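Survey of secondary and tertiary structure
Here are the chains, one letter per residue:
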Amino acid sequence: MKKRESWKSKFGIIMAVAGSAVGLGNFLRFPVQAAQNGGGAFMIPYFISLLLLGIPLMWIEWTVGRFGGGFGHGTAPGVFHSMWQKNRFIKYFGVIGIFGPLVIFIYYNYIASWTLAYAVFSAVGKYGQVADQNTMLSLLRGFQGIEKNQFFSSMQSAYIFFLITFAINIVIIYKGISGGIEKLCKLALPTLLIFGGIIAIRVLTLGAPDPSRPAWNILNGLGFLWNPDFSALKSAKVWLAAAGQIFFTLSVGIGVILTYASYLKKTDDVALSGLTAASTNEFAEIILGSSIVIPAAYVFFGPNQIQNIASSGAFNLGFVTMPLIFQKIALSAFFGCLWFGLLFLAGITSSVSLAQPSIAFLEDEFNISKKKAVIVFGIVSFILCQPAIFFLKHGVVNELDFWGGTFCLVLFATVETVLFGWIFGIEKAWEEMHHGAEMKIPGIYKFIIKYITPLFLFCILGFWFYQEGIPIIMMEGISPADKPYVLGIRLMLLAMILILAIMVRIAWRKRSRNKK
Ligand code: PFF
C-alpha cells in the first residue's frame, strides 16, 4: 500500500477541520437563515439539531475516515467499501462524498473571491460615497455582472479576483496536507477569530444611532435572535432550515471531514478532537456570527427591515448592509477590510477542504502523484466553475447550492449513519470511536447514533422531499427564461455523477485484477 500523507500535529488537524467548518456559512448563511426564520424561532431547532445531528455526525465522520485511511482509502467509495466489504454497491453511494464537495467548491470558491474583492474595495474606498441600500445593491450587481452601471461596465474585475482566489486554492492543495492545508489553517483560523472578536466588540458597543428610535438598540438586536419563540417548533420549514444550517456550518455529512480524518494515524484521538473542532465552529457561529450582522443591522435598519433584507437575497446582509453600516461608524475602511478579510480567510480554509476529496480520490484510487492529481482537478474544476460565474443571474448558484449544499448533505449523512450504526454495528462502531480517545463519549450517544440520528435524518429527508423537493424538482417558481440554464446545470451534475461512478468502477476493476 502506498504511504499516505499525514497531519503533523493534533492541533493542526483540529485547526484544519475547524477551518473547513468555520466559513462563509457562519458569518453570512447563519444570520440570513436566522433572520428568514424569525430570529428567536430558529435557535431552538438549531441547538437540538446540533446535539442530535451535528455532533454525532462529526464523531461518525472522524471515526470512519480514520478507519478507511487504515485501508489506504481517503474518500467515501473506499471507506464505505472497507466498512461493508461484502456489498458491491455501497462504494457507488460513496460517490456523493466526492461529488457533493466538488459541487459546493465550484460556487463557494467564486463567492469567496467576492470577499477578497470587497476587502480591496474597502481599502481603496470604492464604495465610500454610497449611502443607501439600493445604490449599494447596484454596486454588488454591477460587480457580479448582473447589470451594467456606473460602478462596473463588465465582469472583468470579478473574474480577476476569481482567478486569484482559484490560484491560491490550487497552490495550497498542491503543497499537501501538512505543508499546505495544515499550515494555512493554523495561521488563518486564529487570525480570523481575532478579526471576528474585534468586529463583534465594535458592534456590541454601538449606541442607538437614531434618538427618535431608541428601541433600535443592541440589546433588542440580540433579543431578536435570542428571545425564544416556542411556537416555531411546530413549523417543519424552520426545522429543515435549522438542520440544514447545522450540516452546512459543521461541514458534516458530505465527505470532507471523512477525507481529512483519513490522514490520521490509527491511534490518534477522534472523540475529543472532533468535539473540539465542532465547538470551535459553534463559538465562531453562535458567539461571533450572531453578534455581528444581525445586531448591527437591527440597530441601523430596525427589525422589519432585517427580514426584508434577508429575504431579498442571501448575500445582501453581508455585501450590502454591512458595508453601509461600516460607513456610518468611525474607521470605516479599517472595519470594512477586517470584515471582508475575515470572510476571505474563512472562505479559503473551507474551499481547500472541498477540493481535497477529489484530490485524495485520484491519488488513492488511481495511484497518481499529487502533482498530476492537482493538475487534473485544477483543469476540471476550473471549467466547472464557469457557469456559476457567467450564469449567476439565471439562478445557477442557487441550483448548485441546492443539490450540493442541501440535498447531498442529507442523503450522504443518512447513508453514512445507517452504515455506521447498523451495518458496521454500533458495538464495533463505539469501540472504534474510543480507540485512542482522550475522552469518554457520554453513553447516551450510543443510543442517539443508533436510533435518534437516523430517525431524525429520515424525517428530514421525508419532510423535505414532500415540502420542498418536489416543487424544486419540478422547477416551480423558476422563470421560463432561467429554466434552460437550470436544466443545463442539472445535466452537468448528472454527467459528473456518472463519470465519478464509472471512475469508481474502473478503479475497483483494476484493483481486483492486480490482486489476481
Ligand atoms: N462549513 C463551511 C461554511 O460554514 O461555510 C462550508 C462547507 C465547507 C460546507 C465544507 C461543506 C463542506 F464540506
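Look above for the structure.
Residues numbered from 1 in each chain as written. Predicted model: local features only at pLDDT ≥ 70, side-chain atom pairs only at ≥ 80, totals over all residues. Heavy atoms only, no water.

1. Points about the overall build of the protein chain
When its secondary structure is counted, the protein chain shows 20 helices and 0 strands. Taking 2.2 N^0.38 as the reference for a compact globule, 516 residues should give roughly 24 Å; the C-alpha atoms of the protein chain span a radius of gyration of 22 Å, in line with that estimate. Oriented by its inertia axes, the alpha-carbon framework of the protein chain measures out at about 80 × 50 × 45 Å. Counting all 516 residues of the protein chain, 60% fall into the buried class. For the protein chain, the share of sequence-separated contacts (at least 6 apart) that also reach a separation of at least 24 residues comes to 83%. (Helix = DSSP H or I, 4+ residues; strand = E, 2+ residues; numbered from the N terminus. Rg over C-alpha atoms; globule rule 2.2 N^0.38 Å. Buried < 20%, exposed > 50% of the residue type's maximum accessible area, 1.4 Å probe, protein only. Contact = heavy atoms within 4.5 Å.)

2. Structural notes on the environment of lysine 91
Mapped onto the secondary structure, lysine 91 falls in helix H5 (residues 90–93). C-alpha of lysine 91 to C-alpha of isoleucine 478: the two residues are 387 residues apart in sequence and 35 Å apart in space. The residues contacting lysine 91, other than those within four sequence positions of it, are Pro77, His81, Val504 and Trp508. One polar contact links the side chain of lysine 91 to the main-chain carbonyl oxygen of arginine 88, over a distance of 2.9 Å. (Polar contact = N/O pair within 3.5 Å; in protein donor to acceptor, adjacent residues only side chain to side chain.)

3. Points about the layout of surface pockets
Each pocket or cavity is described by its volume, and for the second largest pocket that value is around 830 Å³. If you go around the second largest pocket, you meet 29 residues; those closest to its centre are His73, Ala507, Trp508, Arg511 and Ser512. Of all elements in the fold, only helix H4 (76–83), H5, helix H15 (332–366) and helix H20 (483–515) reach the threshold of two or more residues within the lining of the second largest pocket. Per-element accounting of the lining of the second largest pocket gives the leading share, 9 residues, to H20. Of the residues belonging to the lining of the second largest pocket, the class tally is 7 nonpolar, 9 polar and 13 charged. (1 Å grid on protein atoms, 1.4 Å probe; cavity = no way out; pocket = protein on both sides within 12 Å on 5 of 7 lines; lining within 4 Å. Points joined across faces, edges and corners; volume = space filled by probe spheres on them. Nonpolar A, V, L, I, M, F, W, Y, C, P; charged D, E, K, R; others polar.)

4. A short note on the nonpolar core
Grouped together as the largest cluster of nonpolar side chains are 189 residues, with contacts concentrated most on Phe27, Ile181, Trp339 and Leu400. Among residues more than four places away in sequence, those in contact with tryptophan 339 are Phe27, Leu28, Ile199, Ile292, Val293, Gly318, Met322 and Phe326. (Core = buried A, V, L, I, M, F, W, Y, C linked by side-chain atoms within 4.5 Å.)

5. Focus on the site of the ligand
Of all residues adjacent to the ligand, which total 16 residues, the nearest are Ala21, Gly25, Tyr108, Phe248 and Ile254. In the model, an oxygen atom of the ligand is placed 2.7 Å from a nitrogen or oxygen of the glycine 25 main chain. Within the backbone of phenylalanine 248, an N or O atom sits 2.7 Å from a nitrogen atom of the ligand. Structurally, the ligand is housed in the largest cavity. (Near = heavy atom within 4 Å. Sits in = over half its atoms within 2 Å of the grid points.)

6. A few points about helix H2 (residues 24–36)
Helix length check: H2 (13 residues) gives 17 Å between terminal C-alpha atoms against 18 Å at 1.5 Å per residue, within 8%. Along H2, the sharpest kink reaches roughly 30°, centred on phenylalanine 30 and followed within four residues by the proline proline 31. The buried count for H2 comes to 12 of 13 residues, which makes it a mostly enclosed element. Positive phi appears at glycine 38, one or two residues downstream of H2, with a value of about 85°. (Expected span 1.5 Å × (residues − 1). Bend = angle between axes of the 7 residues up to and from the residue.)

7. Some points on helix H14 (residues 316–327)
Given 3.6 residues to a turn, an α-helix orients residues that are three or four positions apart in the same direction. In this model H14 runs 16 Å from its N-terminal to its C-terminal C-alpha over 12 residues, within 8% of the 16 Å that 1.5 Å per residue would give. Every buried residue belonging to H14 is among Asn316, Leu317, Gly318, Phe319, Val320, Thr321, Met322, Pro323, Leu324, Ile325 and Phe326, and all of these are buried. Buried-residue contacts for H14 involve H2, helix H6 (96–124), helix H7 (133–143), helix H9 (177–204), helix H13 (271–311) and H15.

8. Brief notes about the state of the cysteines
Should the sulfur atoms of two cysteines be covalently bonded, the bond is a disulfide. The tally for this structure, following the rule as stated, stands at 0 disulfides. Counting only cysteine sulfurs, cysteine 385 is the nearest neighbor of cysteine 185, a cysteine outside any disulfide, at a range of 19 Å. (Disulfide = S-S within 2.5 Å.)

9. Notes on the packing of helix H11 (residues 236–250) against H13
The geometry of a pair of packed helices is captured by two quantities: the angle between their axes and the separation between those axes. Look at H11 against H13: their axes get within 10 Å of each other, and the N-to-C directions meet at 115°. Both H11 and H13 take part in a crossing whose hand is right-handed. Contacts between H11 and H13 involve Gln245, Thr249 and Leu250 from the former and Ala278, Asn281, Glu282 and Glu285 from the latter. Grouping the constituent residues of the contact of H11 with H13 by class yields 2 nonpolar, 3 polar and 2 charged. (Axes fitted to C-alpha atoms, helices over the stretch in contact; angles between N-to-C directions. Left-handed = near helix turned anticlockwise from the far one by under 90°.)

10. Here's the deal with a nonpolar patch on the surface
Among the surface-exposed residues, Ile375, Val376, Ile379, Val380 and Ile383 lie close enough to one another that they form a single nonpolar patch of about 440 Å² accessible area. Its place among the elements puts valine 376 in helix H16 (residues 370–390). (Patch = residues over 30% accessible without salt bridge, like charges linked within 9 Å, V, L, I, M, F, W, Y side chains within 5 Å. Areas by Shrake-Rupley, 256 points an atom, 1.4 Å probe, with all protein chains shown as cover. Salt bridge = Lys/Arg side-chain N within 4 Å of Asp/Glu carboxyl O.)

11. A few points about the side chain of lysine 450
Relative to the elements of secondary structure, lysine 450 occurs in helix H19 (residues 444–473). It turns out lysine 450 is buried and unbridged, and the closest side chain with the opposite charge, glutamate 427, is 7.1 Å from it. Lysine 450 has contacts with Gly421, Trp422 and Ile426, leaving out every residue within four places of it along the chain. (Lys, Arg positive; Asp, Glu negative; His and termini not counted.)

12. Topic: the pattern of salt bridges
Under the defined criterion, the tally for this structure stands at 12 salt bridges. As a salt-bridge pair, lysine 370 and glutamate 363 come within 3.3 Å of each other at their nearest N and O atoms. Both residues of the pair, lysine 370 and glutamate 363, belong to the buried class. Arginine 490 is the partner of glutamate 399 in a salt bridge, and the nearest nitrogen-oxygen pair spans 2.6 Å. Within this pair, whereas glutamate 399 is found in helix H17 (residues 396–423), its partner arginine 490 is found in helix H20, the two being separated by 91 residues in sequence. The class for arginine 490 is buried, based on a relative accessible area of 15%. Within the structure, one salt-bridge network assembled from shared partners comprises Glu5, Glu363 and Lys370.

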